[in-house]
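Architecture and fold: a report
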Amino acid sequence: MTSNYKKLGQYIQPINIRNKDLEELPLMGLSINKVFIPSIANTIGTNMASYKIIKRNQFAYGPVTSRNGDKITIALFEDYDKALISQAYIPFEVIDENILNPEYLMMWFRRAEFDRYARFKSHGSARETFDWEEMCEVELPVPSIKKQLEIVKEYNTVVNRIKLNEQLNQKLEETAQALYKYWFVDFEFPNAEGKTYKSSGGEMVYNEELDMEIPEGWSTKKIKDIGNVVTGKTPSTSRTDYFDGDIPFLTIPDMHKKLFVVNTSRSLTKIGANSQSNKTLPPKTICVSCIGTGGLVVLTDNSVQTNQQINSVIPYKIQYTNFYFFNLKQKGKEIIEYGNKGSVGVNMNKSEFEELIMIEPKNEIKLEFSQKIEACLNASNLNQKELLRLENLKDLLLSKMTKVEVEKELTN
């Protein structure tokens, strides 16, 4: 054991309070993101007396580790005063919060090193488990409570800034989406006199391809007519020198809750990218996840490649890119509907994707819209880059936890 490390078992104790009184409490589950989430379990006809009660500032974790990849499902409960959790989870609490702060302990559990340790210590033949005895053997530095609170405060400052940036990005997207809907769904774009088109009696004509009325002078185009469509591809997985470079490789998990993607979980080397150079996409390419459960749409921030579940559009006329981007976000719903045809999500291939019909306004309307929302998109892109820096800082703060007591010892 490192000289300044302590075994966790002397600071925590298990809890086993059952819902014998059948209290009507929220039912919570655990996510691999290390947070509590509302449970989606069907509890009709279930005896809720066997469920466990967890209270604020207590922990719970899933001891079965073989189902979660590299992550351990563990979280600090902060959502309600108390709630119900499955019998499969192990709840526990800090014995004395004046000695070990729960938030400080949760920071330790968020470290990738803890996940690796727990997976290494898991055992079993049919399924691997990280049992209570192993949890008690976890070693960590336990500085003074004052130092713990300083570390927690510094960490929370970064986390709160991340949340604020995420909220701002959501507002920026909602603003741009609302303007798109107002102009191209409600058809209340400004006419030549600056008045709203449809409300001011603008002429509407029936379009057979869209099966709806659209403004006079507007038409439709297929996706293949607005830009070059590129379907992604994963380089040979047998070539280890293709990966772990600096060139972003975009997959569907990288696309969630984003307008721009400025970083990815995987990357290519120059060798890997050059092996399929015809798949390289320039900045502000529109990428669409075409597996049925996806329907996600993002813009690239720099040159990237994607996997085969993503079709990308490089617009022929870049001045209309912002309009086509939000138009394709509307098409994402069609892709989801397409993919839900069978019991398993269906992947929309390039030929099918290219044939999707899009509304085509007059050029001056597309250009005006694209210019109006450029500021929103630029702000979102800057926020995404700031979020990346903040996430890196958060990881750095977690990694520094191992040095707290060591540094103190060296100065004495």
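Above this note sits the structure.
In this report, we go over the structure that sits alongside the text. Here the residue numbers are simple positions, counted from 1 along each chain's written sequence. With the structure being a predicted model, the display of local features is reserved for residues of pLDDT at least 70 and the display and counting of side-chain atom pairs for 80 or more, all residues being used for whole-chain, interface and lining totals. Only heavy atoms go into the side-chain values, all of them from the structure, while hydrogens and water stay out.

**Digging into the packing of helix H4 (residues 145-184) against helix H10 (residues 374-399)**
Packed helices, taken two at a time, are described by their axes: the angle between them and the distance between them. With axes taken as lines fitted to C-alpha atoms, and helix axes fitted only over the stretch in contact, angles between N-to-C directions fall between 0 and 180 degrees. Secondary structure elements are taken from DSSP: a helix is a run of H or I of four residues or more, a strand is a run of E of two residues or more, and numbering for both begins at the N terminus. Across the interface, H4 lies against H10 with an axial gap of 9 Å and an inter-helix angle of 160°. Here H4 is positioned roughly antiparallel relative to H10, judged by the angle of their axes. Between H4 and H10 lies a crossing of left-handed hand. When residues are grouped by polarity, Ala, Val, Leu, Ile, Met, Phe, Trp, Tyr, Cys and Pro land in nonpolar, Asp, Glu, Lys and Arg in charged, and all others, Gly among them, in polar. The residue inventory of the contact of H4 with H10, partitioned by class, reads 13 nonpolar, 6 polar and 6 charged. Convention used here: angles under 35 degrees read as roughly parallel, angles over 145 as roughly antiparallel, angles from 65 to 115 as roughly perpendicular, and any remaining angle as oblique. Helix crossings fall into two classes, left-handed where the near helix is turned counterclockwise from the far one by less than a right angle and right-handed where it is turned clockwise.

**Describing the nonpolar core**
Put simply, buried Ala, Val, Leu, Ile, Met, Phe, Trp, Tyr and Cys residues joined by side-chain atoms within 4.5 Å make one nonpolar core. Here the term buried applies to any residue with accessible area under 20% of the maximum for its type, exposed to any over 50%, and partly exposed to those in between, with areas from a 1.4 Å probe on protein chains only. Counting 40 residues, the largest nonpolar core has Leu8, Phe92, Leu105, Phe109, Phe114 and Met135 as its most contacted members. For this core, the secondary-structure elements that each account for two or more residues are strand S6 (59-61), strand S7 (74-76), strand S9 (90-94), helix H1 (102-110), helix H2 (112-121), helix H3 (132-136), H4 and H10. Should any heavy atoms of two residues lie within 4.5 Å, those residues are counted as being in contact. In contact with Phe114, not counting residues within four places along its chain, are Lys34, Ile72, Ile74, Trp108, Phe109, Phe130, Met135 and Val138.

**Observations concerning the sheet that holds strand S4 (residues 36-38)**
Each strand in a sheet pairs with another by means of backbone hydrogen bonds, the pair being arranged parallel or else antiparallel. Note on pairing: two strands pair once DSSP finds at least 2 bridges between them. Read across the sheet, 4 strands follow the order S4-S3-S8-S5 without closing on themselves; strand pairing throughout is mixed. If you trace the sheet from one side to the other, it starts and ends with S4 and strand S5 (52-55), each paired once. Across this sheet, the average inter-strand angle for adjacent strands is 50°, counted without regard to direction. Inspection of the sheet shows S5 paired to strand S8 (residues 82-85) by 4 bridges, in the antiparallel sense.

**Remarks on the environment of Ser303**
Assignment of secondary structure puts Ser303 in the loop between strand S19 (297-300) and strand S20 (305-306). Ser303 sits 15 residues away from Ile318 along the chain, and the two C-alpha atoms are 15 Å apart. Not counting chain neighbours up to four residues away, the residues in contact with Ser303 comprise Ile247, Pro248, Thr280, Leu281, Pro282 and Pro283.

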